[in-house]
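Residue-level listing of the chains:
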Amino acid sequence: MTNNKNLLLVSSGGGKNFKLANSLKKLVDSAYPISTKIINLELYNLPLYKPGINTDNKVAKGLSQEFENSNAFIFCAPEYNGGSPPILTNAITWISITTNNWRDCFSGKIALIGTNSGGDGLRFLASFRSQLEYLGTIVVPKTISVNDKKKFNQDSAKRSLQSLIDLL
């Protein structure tokens, strides 16, 4: 493993999942020679993507650049109505249309999925895994799930992170 790998931690918002992303970043930074960066999708003022919208969007291109420059991702988002939060789906849509090939920012890269949801977040974890794999991303089998009844388990998180690092 070389130290020129870039890990992008993507939080769907600034709340509990941003806190989860920060906890994971601290674990990575303390154990691995990898460059890490956290982004909060709420800070990217992306309009709702819809057919016919002007796709020459500097914010979307900047977000795409963050993804393009990364070798791996950790996504932290809650389950919304049994699936992905709209902000995450919208961001991925913008990323996919601002590159030459819609899979450019995802294909062949490694991802770990985490959630801090009201429940167990299993539907989000499963549906988002499917979406990432469709985009060509290699998704680590282990996931991280946190909620009010299931607190952050640092030892379990370290094992999940190790699975990600082993694939880099």
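Residues numbered from 1 in each chain as written. Predicted model: local features only at pLDDT ≥ 70, side-chain atom pairs only at ≥ 80, totals over all residues. Heavy atoms only, no water.

### Thoughts on the pattern of salt bridges
Here's step 1: Here the structure, examined in full by the defined rule, presents five salt bridges.
Here's step 2: With a closest N to O distance of 3.3 Å, D148 and K16 form a salt bridge. Here the residue D148 occupies a position in the loop between β6 (144-146) and α5 (154-167), and K16 occupies one in helix α1 (residues 16-31), the gap between them amounting to 132 residues.
Here's step 3: In this structure, the salt-bridge partner of E66 is K37, at a minimum N-O distance of 2.5 Å. Residue E66 is found in helix α2 (residues 58-68), and its partner K37 is found in strand β2 (residues 35-40); the two are separated by 29 residues along the sequence.
Here's step 4: You can call K37 partly exposed: its relative accessible area is 39%. (Salt bridge = Lys/Arg side-chain N within 4 Å of Asp/Glu carboxyl O. Helix = DSSP H or I, 4+ residues; strand = E, 2+ residues; numbered from the N terminus. Buried < 20%, exposed > 50% of the residue type's maximum accessible area, 1.4 Å probe, protein only.)

### Focus on the side chain of T137
Here's step 1: Topologically, T137 is positioned in the loop between α4 (122-134) and β5 (138-139).
Here's step 2: Residue T137 is classed as buried on the basis of its relative accessible area of 4%.
Here's step 3: At 3.2 Å, the side chain of T137 and the backbone oxygen of F106 are in polar contact.
Here's step 4: In this view, T137 contacts F106, K109, I110, A111 and L132; residues no more than four positions away in its chain are not counted. (Polar contact = N/O pair within 3.5 Å; in protein donor to acceptor, adjacent residues only side chain to side chain. Contact = heavy atoms within 4.5 Å.)

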